[in-house]
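Single-letter residue listing:
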Amino acid sequence: MASRGFLLFSMAAHVAFGAESIDLGQLVQRFDGIGGLSGGGGTSRLLVDYPEQYKSEIMDYLFLPNFGASLQICKVEIGGDAQSTDGSEPSHMHSSDDLDFKRGYEWWIMKEAKRRNPNVKLYGLSWAFPGWIGNGTKNPFQNPSILANYTTQWLQGARDVYGLEIDYIGLWNERQYSATYIKFLRKYLDDHDFKNTQIVAADDNRFICDGMKEDQSLADTISVVGLHYPYDGSYDHNCTSLGKPAWASEESSSYDDLNGAACWARVLSAHFVLHNITASIMWNLVGSYYYGTSWYASSMMTADQPWSGYYKVAPVIWATAHYTQFTEIGWKFTAIGSGSGQLKTGGYYVTLADPNSNNFTIVIEKIPRDHGLCVRPGLPPDELNVTGELVKFQIQKGYLNGPTKLSTWRSNFAKDKPILFQKINDTLVSDDGEFEIFVDWGDVVTLSTIQTAQKGMHPKPPVSKYEFPLPFESNIQETEPSKEAFGFADQFGIFEVHPKQDGSDELTMRQMVPEDPITWWKSQNSAPVTMLGNLEWQDIEIEVSVSIPAGTSGQYPGACVATRSDQLWNQGVSLCVALAGNWSLIRGGWKLNGRNIKTYATGSISSLTAGKYYKLKLVTVNEFL
């Protein structure tokens, strides 16, 4: 006899609870904005090589108000000549007697952000420093006046050359801080006409809060507590008891997929509800670095094909829009229990209001645990898992000229068929200030008096062509001096285009870093290297003209060319030659400590002439390795 059983069907009821109170007279912390971080390091490198049309479209999605992410803060790396995650970014001062504000691309990023939104806030932070800053040590704070002058020169270049006023300045990314230096820097900035540039400290963990609690003069110099990846569980109370704004000054690092968007949407609300964090900045702004480098596609957008023009508008853009298209820096959060808080069946909501008008915005998120996990940190163990909920609100009496309806936008980052920033029917508000909306699991919902939001859309970008185009010949002669040539992404050292040193007008790429930098990430044991192409390249032929400058050690390699390599030059095959004429064929790249991974062959030719150009050619085929 065949077994029998029931067919069961279930539909969750719309769970409803008492109305959440919104008291717009209970405004507390200032909303300081939501932003993206370019750098840390080399994350925007390929963006500047895009054709102008697509480069402009990408920046629209990031910064144009009422279009895409509509970011309110633009944070950038102050280049320090050292590897700082996905590449090296150039310093404005390779040496103490050097100053060049044409280098790099962060100036362009900030300029374009400001062009789209003049109200965007600018924020600079160093990951590494040129070696001369340490005055013979690896400590950038060794001489406060040297570092303060170096930092102020960068601020001055932003002002004088690019017309940019930097609103916030940091210290040294995720490394030790110096109270002596912070106090010195504040006075130095004041004395050099940068009184309005505020100090963020320490772009790291919460130890800075302990220092500020114990040293009032230190606390007085710091405007913002900058925390990286703050945990929503247990929290050091010192950071919230200082009377200073606390920011997640680096956040997310998650993939640019639906889960990354869900993670980001959750922390933007949860951080304030749980810990009074008033701004969040996502690392990183745009993934314009080669596949195979660190943290690939951990960005608001991906744009790593300047040869094709293809880019991807990621769901993170639309998670951000739920907040930024309906608020402005200077609005205020309502107090917990008066418009912000945690919902009964999981999820968070925040209300932000303009203190100078009747405008307000409510953002509600119900991100489930299995979608809300960021790469770092983990979720608190007691975080409620979410279910759908009919959320009721009651605007408290005293709110003049209350709205009759609220513009309503919805995303869902957890369902099989995601919804990305969709305008739905307005939410009606009764005469006595009541309104309700059902928020499903996976939802992010915005209700606002602001009626100007849009889901901006440029024409579809070109088709993706992942393969770097071959054959390829560098356009060095068409490159602006002090810049990097098309497609080259520096990993250790800095390679800039400059005139040859033979008196001609011909341009060449020159390695510019004169001494070991003060690093953030790890010891720069690799010799300087720049790369281009695809990680998967196997059978490949490469030919370059190289010149080894005078003063280079005769026995150690002055130039190498490599194929099948990786970002850190630990794999692949390299052909290296020295001025003395000795050459070597090695696995990986040349290490400064001389401890190379493996040597395949060595030999010698006649000694080379310093400053003269020679062709160096390497062909790699079949199963050589």
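Details of the structure are given in the entry above.
All values derive from a computational prediction rather than experimental measurement.

### Considerations on the overall build of the protein
Item 1. Within the protein, the secondary structure is distributed over nine helices and 32 strands.
Item 2. Scaling as 2.2 N^0.38, a compact globule of 625 residues should have a C-alpha radius of gyration of about 25 Å, and the protein matches this with 27 Å.
Item 3. Seen through its principal axes, the protein has C-alpha atoms that stretch 90 × 80 × 45 Å.
Item 4. Residues counted as buried form 57% of the 625 residues belonging to the protein.
Item 5. A sequence separation of at least 24 residues applies to 71% of the contacts in the protein between residues at least 6 apart.
Item 6. When the accessible surface of the protein is totalled, it reaches about 26,200 Å², and 50% of it is carbon and sulfur.
Item 7. Each charge class in the protein was averaged separately, 51 positive and 69 negative side chains, and the resulting centres sit 2 Å apart.

### Considering the sheet that holds strand β4 (residues 73-78)
Item 1. Overall, parallel pairing links the eight strands, which are arranged β3-β4-β5-β6-β7-β8-β9-β10 in a closed barrel. On average, each strand axis in the sheet is tilted by 25° relative to the strand beside it, whichever way the strands run.
Item 2. Relative to β4, strand β3 (residues 33-38) is paired through four bridges, and the arrangement is parallel. Within β4, the position partnered with Ser 38 by the bridge is Val 76.
Item 3. Lying on the sheet, helix α3 (residues 144-162) is in contact with β4, β5 (121-126) and β6 (168-172); it crosses β6 at an angle near 150°.

### Comments concerning the sheet that holds strand β13 (residues 310-313)
Item 1. Strand order in this open sheet of three strands is β11-β12-β13, and the pairing throughout is mixed. At either margin of the open sheet sits one strand with a lone partner, and together these are β11 (286-287) and β13.
Item 2. With two bridges joining them, β11 and strand β12 (residues 301-305) adopt parallel strand pairing. Paired with Val 286 across the bridge in β12 is Met 301.
Item 3. Across the sheet, helix α1 (residues 52-63) lies against β11, β12 and β13, angled at about 10° from β13, the strand it touches most.

### Looking at helix α8 (residues 315-324)
Item 1. Burial within α8 is extensive, with 10 of its 10 residues counted as buried.
Item 2. Pro 315, Val 316, Ile 317, Trp 318, Ala 319, Thr 320, Ala 321, His 322, Tyr 323 and Thr 324 are the residues of α8 that are buried.

### Considerations on the packing of α1 against helix α2 (residues 106-116)
Item 1. Viewed as axis vectors pointing N to C, α1 and α2 meet at an angle of 65°, and their least axial separation amounts to 10 Å. The interaxial crossing formed by α1 with α2 has right-handed handedness. Mapping the contact onto sequence places Lys 55, Ser 56, Met 59, Asp 60 and Phe 63 in α1 and Trp 108, Ile 109, Glu 112, Ala 113, Arg 115 and Arg 116 in α2.
Item 2. Along the lines of polarity and charge, the residues of the contact of α1 with α2 split into five nonpolar, one polar and five charged.

### Remarks on the side chain of Thr 151
Item 1. Tracing the backbone through its elements, the reader meets Thr 151 in helix α3.
Item 2. Judged by relative accessible area, which is 7%, Thr 151 ranks as buried.

### Here we look at the packing of helix α7 (residues 258-275) against α8
Item 1. Remark: α7 packs on α8, axes separated minimally by 8 Å, with the N-to-C direction vectors making an angle of 20°. Put simply, α7 runs roughly parallel to α8. Both α7 and α8 take part in a crossing whose hand is right-handed. Note on element contacts: α8 touches α7 through Pro 315, Val 316, Ala 319, Thr 320 and Tyr 323, opposite Leu 258, Gly 260, Ala 261, Trp 264, Ala 265, Leu 268 and Ser 269.

The rules behind these values
Residues numbered from 1 in each chain as written. Predicted model: local features only at pLDDT ≥ 70, side-chain atom pairs only at ≥ 80, totals over all residues. Heavy atoms only, no water. Helix = DSSP H or I, 4+ residues; strand = E, 2+ residues; numbered from the N terminus. Rg over C-alpha atoms; globule rule 2.2 N^0.38 Å. Buried < 20%, exposed > 50% of the residue type's maximum accessible area, 1.4 Å probe, protein only. Contact = heavy atoms within 4.5 Å. Areas by Shrake-Rupley, 256 points an atom, 1.4 Å probe, with all protein chains shown as cover. Lys, Arg positive; Asp, Glu negative; His and termini not counted. Charge placed at Lys NZ, Arg CZ, Asp CG, Glu CD. Pairing = 2+ DSSP bridges. Axes fitted to C-alpha atoms, helices over the stretch in contact; angles between N-to-C directions. Left-handed = near helix turned anticlockwise from the far one by under 90°. Nonpolar A, V, L, I, M, F, W, Y, C, P; charged D, E, K, R; others polar. Parallel < 35°, antiparallel > 145°, perpendicular 65-115°, else oblique.

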